[in-house]
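# Observations on the three-dimensional arrangement
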Amino acid sequence: MNKAIIQIERRVNLQISGRFGLRLIITAVLILVFLLLCEMICRSPWVQHRIPFQAYGSNHIQFDYQIGTLKAYVDRNGAPDCFILGTSMPLRAINPAVLGEAYQELTGESLACYNFSVVGATISATTVFAEFLIQHYQPDLFIVGTNFLDFSEAREKADDSRFVDNSWFRYQLGRADLDGWLVEYSYAYRIVKLLSYGAYAGLDYQEVRKESIKWSEQLTMMGYGYEEKVYDVHERVRLEKNLSFLKDFGDFSLSRRNINGLDSLIRLAKQNQVQVVVVHMPYHQSLVEFLDDQGKPLPQKQSMHRLISELDVQLNSIALEQSCLLWRLPDSMQLSDESWLDRYHLNRTGSQAFSRWLAEKIASAVESGQLHAPNTE
Amino acid sequence: MEIYSSNYFIFVISSVFIFLLLPGKFQNLFLLLASYFFYISWDWRYAAALFILTVFNYGYAQFLEKNLAKKNPWILRAGVVVNITFWLVFLLGARAVELLNELLSQAGFSTIVFSLLLPLGFSYRVFESISYLVDIRLKLAKASKNFLDYATYMAYFPKLVSGPLERGRIFLPQLVKQAVVDDDQIKRSITLIILGLTRSIVLAGMLTVLIPRSIFIKPLDYSSTQIVFGLIIYGFYLYNQFAGYTDLMRGISGFFGIQLTRNFSTPFFSQNFSDFWRRWHISLSQWLRDYVFMPLSRSFLRRNPSRKNIPNLIIPPMVTMLVSGFWHGATLNLLLWGAINGGFILVENLLNLFVSTNPSGKVVLWRKLLGSLVVLSLALLAAIPFRLDLPTSKVYLYGIVKWNQWDLPDVRPWIVMGVSLLLDWFQFHSGDEFVFIKWSGWLKVSLVAITVAAMMVVYNLQLAPATFVYP
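Predicted model, so just to flag it, every value in this text is computed and none were measured.

## Structural notes on the pairing of strand β3 (residues 82-86) of chain A
All names here are of chain A.
- Of all five residues making up β3, five are buried, and the element is well covered by its neighbours.
- On β3, burial covers both faces: Cys82, Ile84 and Gly86 on one face and Phe83 and Leu85 on the other are all buried.
- Two elements, β3 and strand β4 (residues 113-115), share three bridges in a ladder whose sense is parallel. Note on β4: the bridge partner recorded for isoleucine 84 is asparagine 115.
- The pairing of β3 with strand β5 (residues 141-146) spans five bridges and is classified as parallel.

Below you can see the structure in the form of structure tokens.
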């Protein structure tokens with residue numbers, strides 16, 4: 001009979017023998033050793049070379065690439081002066097390398113930007129990204145690229161939980177989160193997260209692999225989404241496509257959630273001494289023609305144009321109220337037909353022109369005193 | 001507070017530690033407070049409903065005991081009716097408010113803004129209350145004189161959400177008895193917890209991931225082979241999920257010195273339907289046997305004690321299974337599920353009249369296997385209306401019957417189901433639920449370590465959002 005080492009007189013008493021207690025401790029230690037061994041194996045170059053990207057639990061591969069690329073960028077160059085925020089439109093339209101080069105040509109000063117645009121993210125979710133970027137990299141400038149596409153009914157209802165409730169983000173923002181902590185520090189746990197990405201398709205990783213290959217090829221080391229393809233802007237948009245596009249806008253009211261999101265993003269930036277420039281993202285005119293197959297305008301066209309005008313008023317009012325800059329590509333500066341990847345995304349050619357224009361705007365704003373030079377400490 | 005969450009883990013660990021450190025007279029009070037804290041974390045109204053039910057049954061049990069000498073059966077019936085009414089108000093309330101709102105809006109009146117929602121685990125509490133009152137009336141138990149103990153029995157958090165359904169006469173004495181959480185108890189508890197987590201998180205979780213995603217929404221999008229395999233996977237999922245959950249709760253409960261009823265005992269090795277219901281959701285099956293089947297059967301046998309009393313062979317099993325269906329939810333598909341299962345037992349009873357049993361009681365292996373296979377197949381077929389509403393059940397069944405094509409099944413769910421059967425086999429073969437305790441130390445440590453890692457993986461598999469694909 002083993003002698004009890006813990007004996008407490010209660011209605012329900014705990015009586016653990018020394019030998020059994022020791023066994024429990026040894027078991028716990030062995031399990032810990034096993035987990036540490038797993039971690040060591042996962043950290044080995046042999047395993048890491050086979051991991052396409054580090055997964056942060058969002059199941060949004062471009063976002064995961066974006067985080068990984070940003071970390072690598074900061075390790076190489078230090079924190080950037082400015083971040084570009086928004087959806088796939090600024091991701092495709094603003095090339096930080098071109099922007100920096102043009103800015104240097106114009107001012108003789110350097111401008112290090114990183115494009116942290118995330119495809120499919122709403123402006124409302126972008127606020128979370130902004131909060132993270134401010135806390136970790138203290139930038140001087142945010143360039144927020146947006147247009148009416150970010151304020152549709154579909155964007156109002158879009159589920160952002162993959163970002164907003166992401167445990168890694170919660171941990172990064174200083175909240176206690178065991179899952180987020182594990183994602184940050186454990187290579188093995190990030191592999192577990194990567195494995196989870198195939199769960200929705202019954203552990204089929206084809207889609208994950210496809211997306212991974214695409215972003216590994218397209219995302220530059222400054223976060224820009226590079227694409228050469230040219231869209232035929234003269235191609236007639238079929239009625240079916242127009243109607244499906246219009247469906248996203250529901251009753252053509254502006255997404256309050258995203259208007260408020262933009263407002264909070266600017267407010268947050270201002271509170272943290274980060275300057276903000278809101279940039280109207282360009283789209284091809286054929287996007288808002290809304291013609292039926294006979295070439296006649298659809299009845300929804302007017303409602304859509306009203307929404308676009310309403311958004312302009314709202315953006316102007318936010319910019320005025322929060323004294324931030326709001327820029328739009330002037331009509332005089334038309335983007336060539338070869339600039340488009342599709343009707344609202346620019347390709348490499350388009351992004352070069354757009355990024356140069358943006359650099360000029362920043363340079364002239366710095367010169368006129370509307371902006372402080374982003375690269376000064 | 002979700003069961004499979006870090007919050008629940010912290011809650012359980014801290015509850016066990018505080019409980020074991022407290023002086024004896026405060027231990028039950030602590031269990032009660034912790035249980036209400038847990039229930040309130042879901043919704044305070046659930047706790048309010050439970051408290052009302054507890055106060056009523058505690059008071060009514062005293063009244064019932066004082067009037068035991070009186071022969072009037074309505075003294076008991078009134079208590080049972082109040083319990084059932086209370087349950088039905090919640091069970092049918094939500095649908096009733098919905099219907100009333102439809103009528104009101106059609107008539108141009110403003111609609112009712114509140115709705116009734118069945119508190120979590122309330123069906124268990126009502127059945128426990130009924131058995132408590134019946135047992136007192138039958139002098140099988142004494143009414144608890146201590147409100148605190150009775151309230152703890154009703155609210156005890158390890159059985160609060162999904163059982164097991166505990167009898168007061170078994171549970172309440174444990175609250176006053178001295179108990180020791182010693183090496184053996186800890187071994188049993190840890191075994192149950194590991195087994196529970198393996199079943200509910202690893203095995204059931206893997207099956208959730210591997211089952212074709214919309215097979216229960218649009219069955220006809222899948223081949224007949226997939227529809228059949230989908231049903232088999234669902235059966236194993238349901239078993240592992242529920243059996244795992246109960247094992248986990250039993251393991252936790254052991255640390256509070258309270259033994260909860262075993263709820264599943266290798267049901268897929270059943271030889272016939274009566275055997276199946278002795279092994280599946282045992283606490284509910286036994287409750288239904290004792291408080292529905294037996295009284296009904298006794299009343300039929302009183303009139304005609306013959307073995308071939310046909311109404312007795314038909315009505316009690318059918319009514320029992322219909323009550324079981326209704327208990328699971330007041331919907332037509334669940335009633336149908338009950339009726340089908342009642343039908344199976346009925347057919348089995350009738351067959352037993354004509355088929356002579358082997359007097360030695362020995363059954364050859366192939367017959368055992370065949371028996372298990374038939375029972376499992378029919379139980380799975382009956383599970384279609386358990387899982388789906390009636391129109392979708394019809395479509396699902398049509399998908400099987402029309403049999404459009406054979407295709408190779410995905411082998412991965414079969415591996416998971418194989419592991420599930422293997423765990424069952426160890427228990428079934430040894431006749432010992434805790435057979436794993438006897439395994440060698442190194443094997444146990446290795447398996448626990450693998451389980452911990454597998455839990456991390458599968459838990460994440462289940463939580464992952466859908467893959468975002470850039471259009």
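What follows continues from the structure just given.
## Here we look at empty space enclosed by the protein
- Per the counting criterion, the structure on display carries two cavities of 30 Å³ or more.
- Size it by volume and the largest cavity reaches roughly 70 Å³.
- Around the largest cavity, the lining is made up of 14 residues, and of these Ala243, Asp247, Arg262, Phe264 and Gln427 of chain B lie nearest the centre.
- Residue contributions to the lining of the largest cavity peak at five residues, all from helix α9 (residues 224-254) of chain B.
- Of the residues belonging to the lining of the largest cavity, the class tally is four nonpolar, five polar and five charged.
- For the second largest cavity, the calculated volume is near 40 Å³.
- Around the second largest cavity, the lining residues are Asn147, Phe148, His280, Tyr283, Ile308, Leu311, Asp312 and Arg328 of chain A.
- The biggest single contributor to the lining of the second largest cavity is helix α15 (residues 300-321) of chain A, with three residues.
- Among the residues making up the lining of the second largest cavity, the classes are represented as four nonpolar, two polar and two charged.

## Topic: the interface of chain A and chain B
- Each partner contributes residues to the interface: chain A has 42 residues there, and chain B has 47 residues.
- Between chain A and chain B the total buried area reaches about 4,000 Å² when both faces are included, carbon and sulfur atoms providing 64% of it.
- At the surface where chain A touches chain B, the tally comes to zero salt bridges.
- Taken together, the elements giving at least two residues each to the side of chain A that touches chain B come down to β2 (12-17), α1 (18-43), α4 (88-93), α11 (187-196) and α12 (206-218) of chain A.
- Looking at which element gives the most residues to the side of chain A that touches chain B, the answer is α1 of chain A, with seven residues.

## A few points about the state of the cysteines
Residue and element names in this part refer to chain A.
- For the coordinates displayed, the defined rule picks out one disulfide over all chains.
- In this model cysteine 82 forms its disulfide with cysteine 113; the gap between the sulfur atoms is 2.1 Å. Its S-S torsion of about 100° marks the bond between cysteine 82 and cysteine 113 as right-handed, since a negative value means left-handed. On the criterion of sequence distance, the pair formed by cysteine 82 in strand β3 and cysteine 113 in strand β4 is long-range, its members being 31 residues apart. Pair check on accessibility: cysteine 82 and cysteine 113 agree, each one buried.
- The thiol sulfur of cysteine 38 is not disulfide-bonded, and the nearest other cysteine sulfur, from cysteine 42, lies at 6.5 Å.

## Considerations on the packing of helix α11 (residues 282-303) of chain B against helix α12 (residues 310-328) of chain B
Residues and elements named next belong to chain B.
- The interhelical angle for the contact between α11 and α12, taken along N-to-C directions, is 150°, at an axis separation of 9 Å. Relative to α12, the crossing made by α11 is right-handed. The segment α11 lies against α12, with Leu284, Leu288, Val292, Phe293, Leu296, Ser297, Phe300 and Leu301 engaging Pro311, Asn312, Ile315, Pro316, Pro317, Val319, Thr320, Val323, Ser324, Trp327 and His328.
- Residue composition of the contact of α11 with α12, grouped by class: 14 nonpolar, five polar and no charged.

## Considerations on the packing of helix α3 (residues 61-77) of chain A against helix α6 (residues 123-137) of chain A
Residues and elements named next belong to chain A.
- It is the contact of α3 with α6, at a shortest axis distance of 13 Å, that shows an interaxial angle of 15°. The angle between α3 and α6 places the two elements in the roughly parallel class. At the point where α3 passes α6, the crossing takes the right-handed sense. On α6, the residues touching Phe63, Ile67, Leu70 and Val74 of α3 are Phe129, Phe132, Leu133 and Tyr137.
- Taken together, the residues that form the contact of α3 with α6 break down as eight nonpolar, no polar and no charged.

## Section: the sheet that holds β4 of chain A
All names here are of chain A.
- The sheet built from five strands is open, its strands ordered β4-β3-β5-β6-β7 with parallel pairing. Sheet topology places β4 and β7 (325-327) at the edges, where each strand pairs with a single neighbour. For this sheet, the mean angle separating the axes of adjacent strands, direction not counted, is 20°.
- Inspection of the sheet shows β5 paired to strand β6 (residues 275-280) by six bridges, in the parallel sense. Across the sheet, the residue bridging to valine 144 is valine 278, located in β6.
- Taken strand by strand, helix α14 (residues 256-271) contacts β3, β5 and β6, and its axis lies near 170° from that of β5.

Definitions and cut-offs
Residues numbered from 1 in each chain as written. Chains lettered and ligands numbered in written order. Predicted model: local features only at pLDDT ≥ 70, side-chain atom pairs only at ≥ 80, totals over all residues. Heavy atoms only, no water. Buried < 20%, exposed > 50% of the residue type's maximum accessible area, 1.4 Å probe, protein only. Helix = DSSP H or I, 4+ residues; strand = E, 2+ residues; numbered from the N terminus. Pairing = 2+ DSSP bridges. 1 Å grid on protein atoms, 1.4 Å probe; cavity = no way out; pocket = protein on both sides within 12 Å on 5 of 7 lines; lining within 4 Å. Points joined across faces, edges and corners; volume = space filled by probe spheres on them. Nonpolar A, V, L, I, M, F, W, Y, C, P; charged D, E, K, R; others polar. Contact = heavy atoms within 4.5 Å. Buried area = accessible area lost by both parts, 1.4 Å probe. Salt bridge = Lys/Arg side-chain N within 4 Å of Asp/Glu carboxyl O. Disulfide = S-S within 2.5 Å. Axes fitted to C-alpha atoms, helices over the stretch in contact; angles between N-to-C directions. Left-handed = near helix turned anticlockwise from the far one by under 90°. Parallel < 35°, antiparallel > 145°, perpendicular 65-115°, else oblique.

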